[in-house]
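Listed below, chain by chain, are the residues.
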Amino acid sequence: VKVTAIAIGAAREDEIEDSISPCGLCRQSIVDVENRQQSFINVLLVGKFATRIIDSAGFLLPLAFDAKI
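Residues numbered from 1 in each chain as written. Predicted model: local features only at pLDDT ≥ 70, side-chain atom pairs only at ≥ 80, totals over all residues. Heavy atoms only, no water.

A. Just the overall build of the chain, in detail. Of the regular secondary structure elements, the chain holds one helix and three strands. In the chain, the succession of helices and strands from N to C terminus is β-α-β-β. Relative to its full complement of 69 residues, the chain shows a buried share of 26%. Put simply, 62% of the contacts in the chain that link residues at least 6 apart link residues at least 24 apart. Total accessible area on the chain is roughly 5100 Å²; 59% of this is exposed by carbon and sulfur atoms. (Helix = DSSP H or I, 4+ residues; strand = E, 2+ residues; numbered from the N terminus. Buried < 20%, exposed > 50% of the residue type's maximum accessible area, 1.4 Å probe, protein only. Contact = heavy atoms within 4.5 Å. Areas by Shrake-Rupley, 256 points an atom, 1.4 Å probe, with all protein chains shown as cover.)

B. Examining the sheet that holds strand β2 (residues 42–46) more closely. Sheet architecture is open: three strands sit in the order β1-β2-β3, paired in mixed fashion. Each edge of the sheet is formed by a strand with only one pairing partner; in this case those strands are β1 (5–9) and β3 (51–54). Neighbour to neighbour, the strand axes of the sheet diverge by 20° on average, direction disregarded. As paired strands, β2 and β3 are joined by four bridges and run antiparallel to one another. From the neighbouring strand, Val 46 faces β3, where its bridge partner is Thr 51. (Pairing = 2+ DSSP bridges. Axes fitted to C-alpha atoms, helices over the stretch in contact; angles between N-to-C directions.)

C. The arrangement of helix α1 (residues 24–37) in detail. Between the first and last C-alpha of α1 there are 20 Å, a value that for 14 residues agrees with the 20 Å anticipated at 1.5 Å per step. Packing partners of the buried residues in α1 comprise β1 and β2. Once α1 ends, the next one or two residues include Gln 38, with phi positive near 55°. (Expected span 1.5 Å × (residues − 1).)

This is the structure in structure tokens:
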């Protein structure tokens, strides 16, 4: 089954107003899955007042490691 989207969010008592972004290791992992399945994964960055939709984890990690090199 291909992964088509992933949502990343956080909540805490003092409330996060802006969306939260995945760490570098998580970004690399998402890029690796995109490469294996040969299709993009929409990344939804969820915050209290807004959700950002990124078309591919590659946009979050433009210099990702590539095992093919």
